[in-house]
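The residues making up each chain are set out below.
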Amino acid sequence: GQQLNQSPQSMFIQEGEDVSMNCTSSSIFNTWLWYKQDPGEGPVLLIALYKAGELTSNGRLTAQFGITRKDSFLNISASIPSDVGIYFCAGQKTGANSKLTFGKGITLSVRP
Amino acid sequence: GAVVSQHPSRVICKSGTSVKIECRSLDFQATTMFWYRQFPKKSLMLMATSNEGSKATYEQGVEKDKFLINHASLTLSTLTVTSAHPEDSSFYICSAGSGGGQPQHFGDGTRLSIL
C-alpha cells in the first residue's frame, strides 16, 4: 500500500542540537500527524495538523503542514536523551476516523 | 488526554492456540478502532478498520477468518488470532478514534509470540 516518504532511516545527533525531519507524499492529505514510538510501546501522538500552512508547537517540538498538502516537517529543538525513539509521520485523506497512512519512520539517536 | 488500553501486553502460547487481544478506549467513545501489525524495525501495517456495531473492513491480503475482529461496544474492540502459528508472531497495536476532528490514539501494543 501507499506509504509516506521519510528519510533517512536513522539520525544521530548530539544532545542539545536541533533536528528536523521531513515527510513527503505524492498525493494530498488533509491531515498530517506526527507520532513517536518507544521500543515495545504504541505510538504516542506528538502533533496533529489540520490546515495547509499551519505551524504548530508542542514544547520543544514544532511541526508544519505544507502548503501543497503533500508534505510536513517536524523540528525538535535542544534535543535531550529522552527524545530517542522512532518518529512516524502519518496522513489522513478524509475525516478523523479515516485510516492513517504511515511513513517508514526515522530512528533518532541522541548522544549525551 | 485520550487513553487507549490494550490487553494483554504480552502473550506466549503454543501453535494452534487462539488468542484474543482487547482494545479499550478509557475516557472516550470510539466509533472506529483500527488494528495494526508491526514487524521489527518496520512501520505499522493496517490490518482492518472496525466500526462499532458493524463488520470490520479488512485490508487486502489480511485473512478475515484468521483475524476475527469484534467491536460490540463504543469502548471495546477485540482481535482474535485463530489457530495461531509461529508466522503470526508479531506486535499488534490498536488505535481508536472518536471522530469529531479528534486524532486517533494508540494502545501500548501486544507482543504475540507463538512457539
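Just so it is clear, the structure is predicted and the values come from calculations on it, not from any experiment. (Residues numbered from 1 in each chain as written. Chains lettered and ligands numbered in written order. Predicted model: local features only at pLDDT ≥ 70, side-chain atom pairs only at ≥ 80, totals over all residues. Heavy atoms only, no water.)

Asks: Account for the packing of aromatic side chains, with residues named and values stated.
Replies: Here the structure, examined in full by the defined rule, presents nine aromatic pairs over all chains. When the centroid spacing of 5.7 Å and the interplanar angle of 70° are considered together, the rings of A:Phe29 and A:Trp32 count as edge-to-face. Taken individually, A:Phe29 and A:Trp32 each receive the classification buried, so the pair is uniform in this respect. Aromatic side chains A:Phe102 and B:Tyr36 sit 5.7 Å apart centroid to centroid with 90° between the ring planes, which places their arrangement in the edge-to-face category. Residue A:Phe102 is located in strand β10 (residues 101-102), and its partner B:Tyr36 is located in strand β4 (residues 32-38); the two belong to separate chains. The burial state of A:Phe102 is the same as that of B:Tyr36; both residues are buried. Pairwise contacts between aromatic rings join A:Tyr35, A:Phe88, A:Phe102, B:Tyr36 and B:Phe106 into one cluster. Here A:Lys93 stacks its cationic end above the ring of A:Phe29, 4.2 Å away from the centre of that ring. (Phe/Tyr/Trp six-rings, centres within 6.5 Å; stacked < 30°, edge-to-face > 60°. Buried < 20%, exposed > 50% of the residue type's maximum accessible area, 1.4 Å probe, protein only. Helix = DSSP H or I, 4+ residues; strand = E, 2+ residues; numbered from the N terminus. Lys NZ or Arg CZ within 6 Å of the ring centre and 35° of its normal.)

Asks: Can you explain the nonpolar core? Please cite residues and give values.
Replies: Judged by nonpolar contacts, the single largest core of 24 residues is most densely connected at B:Trp35, B:Phe67, B:Leu79, B:Tyr92 and B:Leu112. Broken down by secondary-structure element, the contributors of at least two residues to this core are β2 (10-13), β3 (19-25), β4, β5 (44-51), β7 (67-73), β8 (76-81), β9 (90-97) and β11 (110-114) of chain B. Contacts of B:Phe67, omitting those with residues within four sequence positions, involve B:Arg37, B:Met47, B:Tyr58, B:Val62, B:Leu79, B:Thr80, B:Val81, B:Asp88 and B:Tyr92. Counting 22 residues, the second-largest nonpolar core is a separate cluster that includes A:Ile13, A:Cys23, A:Ile47 and A:Ile106. (Core = buried A, V, L, I, M, F, W, Y, C linked by side-chain atoms within 4.5 Å. Contact = heavy atoms within 4.5 Å.)

Asks: Outline the state of the cysteines, supporting the account with residue identities and numerical values.
Replies: The final tally for this structure, using the stated rule, is two disulfides over all chains. Between the sulfur atoms of A:Cys23 and its disulfide partner A:Cys89 the distance amounts to 1.9 Å. Of note, the bridge from A:Cys23 to A:Cys89 carries an S-S torsion of about 55° and is right-handed in sense. Of this pair, A:Cys23 sits in strand β3 (residues 19-24) while A:Cys89 sits in strand β9 (residues 85-92), and the two are 66 residues apart along the sequence. This pair shows no difference in class: A:Cys23 is buried, exactly as A:Cys89 is. Residue pairing for B:Cys23: its cysteine sulfur links by disulfide to B:Cys94, the two sulfurs lying 2.0 Å apart. Because the torsion about its S-S bond is 80°, the bridge between B:Cys23 and B:Cys94 counts as right-handed. In this pair, B:Cys23 sits in strand β3 while B:Cys94 sits in strand β9, placing the two residues 71 residues apart along the sequence. In terms of burial, B:Cys23 and B:Cys94 fall into one category: buried. Among the cysteines around B:Cys13, which has no disulfide bond, B:Cys94 carries the closest sulfur, lying 18 Å off. (Disulfide = S-S within 2.5 Å.)

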